[in-house]
Amino acid sequence: MFGLKSRRRNRLRAQAIPAQWSAAIQSNVPYFHLLTPAERVELFGHVQVLLHEKPFEGCGGLVVTDEVRVTIAAQAAILLLGRQTDYYPKLRTILVYPAKYVAEVARPLPGGAVLAGPEARLGEAWYRGAVVLSWDDVLRGAADPSDADNVVFHEFAHQLDSESGANEGAPDLPTREARARWARVFEREFRRLINDLQHARPTLLRPYAASNPAEFFAVATEYFFELPLALRSRHAELYGEMAAYFQQDPARRFLR
Ligand SMILES: [Zn+2]
């Protein structure tokens, strides 16, 4: 089974990406231009796999076009560069609204889960295997690759978080030592943020990161990719843990 899946993925990754997809990525996702040529090739491969495996659904009247799908998939793919990945295995569906997402009363998801009531607001569906995005926010988040505000990075970080089996602000880490070190560093940084906010001290990470450990990881992911130099200089250990997990060093991209 795994052999079949990996052969299919290899085949998808080897396909040439349609020119319109590449054009949409280059114009909508400026972060793409920070990547090395090898990373760009890898990203195109990941986009092919994600588009093949993940269903996108338009909601609230939004029509899901290839531009919508590749703009989201390309950003989700940036989080996968340079390491072994199973392509967000917990993710069952990506729901896209045109603008500010309005909660629906109840909405069945593939696999029998139901997205319902007050929990169904933007960005809160991740623990049920859905990513909910508004197209406006996707474009706005992508437009500036260095403002640490990227809703796709944020929501897909929640998906990575869930791969460890719980949504506790830690992704799937390879060893017990790595898990212990991550927990130590993240807990200290999380408490430090809360403490700084309580004392009205200026913080690098935006206050939303203090909501809970899962939001801390999701927000830290936005900073790691988009404001890596600041994160590295002010939160070196946090940066180090994330660089080890993602197997990427985004600070280098911003020094080039
Ligand atoms: Zn979140």
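Structure: see above.
Reading the values: the criteria
- Residues numbered from 1 in each chain as written.
- Predicted model: local features only at pLDDT ≥ 70, side-chain atom pairs only at ≥ 80, totals over all residues.
- Heavy atoms only, no water.
- Donors = N, O, S within 2.8 Å, 3.2 Å for Na, K, Ca; no water.
- Tetrahedral: all angles 85-135°; square planar, octahedral: opposite > 155°, others 65-115°.
- Helix = DSSP H or I, 4+ residues; strand = E, 2+ residues; numbered from the N terminus.
- Buried < 20%, exposed > 50% of the residue type's maximum accessible area, 1.4 Å probe, protein only.
- Pairing = 2+ DSSP bridges.
- Core = buried A, V, L, I, M, F, W, Y, C linked by side-chain atoms within 4.5 Å.
- Domains from an automatic or database assignment.
- Contact = heavy atoms within 4.5 Å.
- Phe/Tyr/Trp six-rings, centres within 6.5 Å; stacked < 30°, edge-to-face > 60°.
- Lys NZ or Arg CZ within 6 Å of the ring centre and 35° of its normal.
- Right-handed = clockwise from strand over helix to strand, strands pointing away.
- Axes fitted to C-alpha atoms, helices over the stretch in contact; angles between N-to-C directions.

Draft legend 1. Layout of the coordination of the zinc ion. His154 (NE2), His158 (NE2), Glu215 (OE) and Glu215 (OE) make up the full set of protein donors to the zinc ion, lying at 2.0 to 2.7 Å. The coordination sphere of the zinc ion comprises 4 donor atoms, whose angles at the metal cover 53 to 147°; the geometry is irregular. Here the donor residues of the zinc ion are spaced in sequence according to H-x3-H-x56-E. One end of the pair, His154, is in helix 6 (residues 151-162); the other, Glu215, is in helix 8 (residues 213-226), and 61 residues separate them in sequence. Taken individually, His154 and Glu215 each receive the classification buried, so the pair is uniform in this respect.

Draft legend 2. The pairing of strand 5 (residues 130-134), seen in detail. Taken across its 5 residues, strand 5 has 5 buried, putting it largely inside the fold. The side-chain alternation of strand 5 yields two buried faces, one formed by Ala130, Val132 and Ser134 and the other by Val131 and Leu133. The pairing of strand 2 (residues 93-97) with strand 5 spans 5 bridges and is classified as parallel. Note that in strand 5 the partner of Val96 across the bridge is Leu133.

Draft legend 3. Examining the nonpolar core more closely. Residues Ile25, Leu43, Val47, Ile72, Phe156 and Met242 are the most contacted members of the largest nonpolar core, which totals 71 residues. Taken domain by domain, the makeup of this core includes at least three residues from each of domain 1 (2-143) and domain 2 (176-255). Setting aside anything within four residues of it in sequence, one finds Met242 in contact with Trp182, Phe186, Phe217, Ala220, Thr221, Phe224, Leu231 and Gln247.

Draft legend 4. Structural context of the packing of aromatic side chains. Applying the stated rule across the entire model yields 16 aromatic pairs. Measuring from ring centre to ring centre gives 4.1 Å for Trp182 and Phe186, while their planes differ by 10°; the resulting arrangement is stacked. One end of the pair, Trp182, and the other, Phe186, are both in helix 7 (residues 176-198), 4 residues apart, so they sit about a helical turn from each other. Summarising the burial analysis for this pair, Trp182 and Phe186 share the class buried. Seen from their ring centres, Phe190 and Phe216 are 5.8 Å apart, and the 80° between their planes marks the pair as edge-to-face. In this pair, Phe190 sits in helix 7 while Phe216 sits in helix 8, placing the two residues 26 residues apart along the sequence. For the pair shown, Phe190 and Phe216 are each scored as buried. Over the aromatic face of Phe32 sits the side chain of Arg40, whose NZ or CZ is 5.1 Å from the ring centroid.

Draft legend 5. Expanded view of the pairing of strand 2. The buried fraction of strand 2 amounts to 5 of the 5 residues, a majority that puts the element mostly inside the structure. A two-sided burial pattern is seen for strand 2, the buried positions comprising Thr93, Leu95 and Tyr97 on one face and Ile94 and Val96 on the other. As paired elements, strand 1 (residues 56-58) and strand 2 share 3 bridges and run parallel to each other. Bridge pairing links Phe56 to Ile94 in strand 2. Crossover connection from strand 1 via helix 4 (residues 66-78) to parallel strand 2: handedness left-handed.

Draft legend 6. Representation of the sheet that holds strand 1 within the structure. The strand order 1-2-5 describes an open sheet built from 3 strands, whose pairing is parallel. Of all strands in the sheet, those bounded by a partner on one side alone are strand 1 and strand 5. Ignoring which end each strand starts from, the neighbouring axes of this sheet average 20° apart. Sheet strands touched by helix 4: strand 1, strand 2 and strand 5. Its angle to strand 2, the strand with the most contacts, is close to 120°. Each of strand 2 and strand 5 touches helix 6; the most contacted strand, strand 5, lies at about 170° to it.

Read these as geometric descriptors, not functional statements.
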